[in-house]
Each structure stands twice: as C-alpha cells, then as structure tokens.
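What the coordinates show
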Amino acid sequence: MEEPVPPPQGVPPAAATDEAVLGELFLTQRLGLVRLAYLLVGDQETAEDVVQDAFTALHRRWDRLSDHDRVLPYLRASVVNGCRMIHRRRSIMSRFTGDRQAPSRSASAEAATLLGETRREVSEAVRALPRRQREAVVLRYYLGLSEAEIAETMGISRGTVKSTVFRALKALTVKLEGKR
C-alpha cells in the first residue's frame, strides 16, 4: 500500500487536496468541454482557449464555491458563456471589417477525412443555427444532457429548452433534407 504524498512545503493540506481535485477534473472533463466549445465556435484553437479560461476562472473562484458537487454544471455554463462572448466579438469585428460571416478556418485534410461527408454536413448545419438553438442542440445531442441540465447551463426554463430544441431539429431537418 502506498503512503499518501504530503503536500508541498508551505501548502496547507486542504489546498493540496483542492489542487488534486481540480487537476483530476481537468484531466477527465477537458476533452468533452473542448468538444462542446468547438461545436459552438467552430475552430479548435478558440475552443481550447475558452475551456482554459473556464478552468482558470474555476480555479480562482474555488474557495468561494458553496457546492463543489456542482462544479461540472458551473464549467459547462462557463464554456457556453465564453462561446457567447466569442460570437459577440466576432459580430462586432464583422461590423468594422464589413465581413458578414464569422471568421472560419478550413479544416485540415486529416480532420476533413475523419469527419466524413455526412458528419461535415450535419456539423455545418448545426453551426448555421441561431446561437440559442445551436447551444441547446449541442448540449442535448452531443453532450447528452437532460432538459433540466440544459436549462441550468443556458440559464433558461425547461419549457424554453423543449421549444428551442424542437425548432432547431425542425430547421436541421429542412436544411439537411434539402441537400439530398
């Protein structure tokens, strides 16, 4: 049996435990949160930045969180809000540059091959949805969250989640059936 590793000198045991919890949370949740952000903002680098910012904010606020069991919903909401901020910045930039489309980066040959044509079409159709619909669909079908979890993450009611997902699915059906 291994002996517990003592915390570094000058670090109280509780702080060392918090660091271990945050480290484990980062290792287990980062990839899923990056996927969420990628689906909302459309490029890998920005998605990674948004998730890193969310974990940094969590680390700064860790002592002030009253319920550490609610950290994952906090992180999800933080990532969604970070993506909203990116879209606001892109919108403002497009007003000044005259570019009506959000900046997009072409996928690498590897990424395009891995995605496959059908997944690429679905991904483009989801990205074309209005912000709220896109967020709701990604949280529901890509992360598998319940209506209550989506409502909490997005800061809206469960009824709004239902109607938003319904409208998004209807729009996706129309768009994707039109391509066939």
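The structure contained in this document is the topic of the report that follows. (Residues numbered from 1 in each chain as written. Predicted model: local features only at pLDDT ≥ 70, side-chain atom pairs only at ≥ 80, totals over all residues. Heavy atoms only, no water.)

Bringing the packing of aromatic side chains into the picture now. Using the criterion set out here, one finds one aromatic pair in the structure. With a centroid separation of 5.0 Å and 75° between ring planes, the pair formed by Phe26 and Phe55 is classed as edge-to-face. Highlighted residues: Phe26 in helix 1 (residues 13–41) and Phe55 in helix 2 (residues 44–61), separated in sequence by 29 residues. Geometry around Tyr141 places Arg140 over its ring, the cationic atom sitting 5.5 Å from the centre. (Phe/Tyr/Trp six-rings, centres within 6.5 Å; stacked < 30°, edge-to-face > 60°. Helix = DSSP H or I, 4+ residues; strand = E, 2+ residues; numbered from the N terminus. Lys NZ or Arg CZ within 6 Å of the ring centre and 35° of its normal.)

To continue, consider the environment of Val161. You can see Val161 is positioned in helix 7 (residues 158–178). Under the relative-accessibility criterion, Val161 is labelled buried at 1%. Spatially, the C-alpha atom of Val161 lies 9.3 Å from that of Val137, the residues being 24 residues apart in sequence. When near neighbours in sequence (up to four residues on either side) are disregarded, Val161 contacts Glu147, Ile150, Ala151 and Ile156. (Buried < 20%, exposed > 50% of the residue type's maximum accessible area, 1.4 Å probe, protein only. Contact = heavy atoms within 4.5 Å.)

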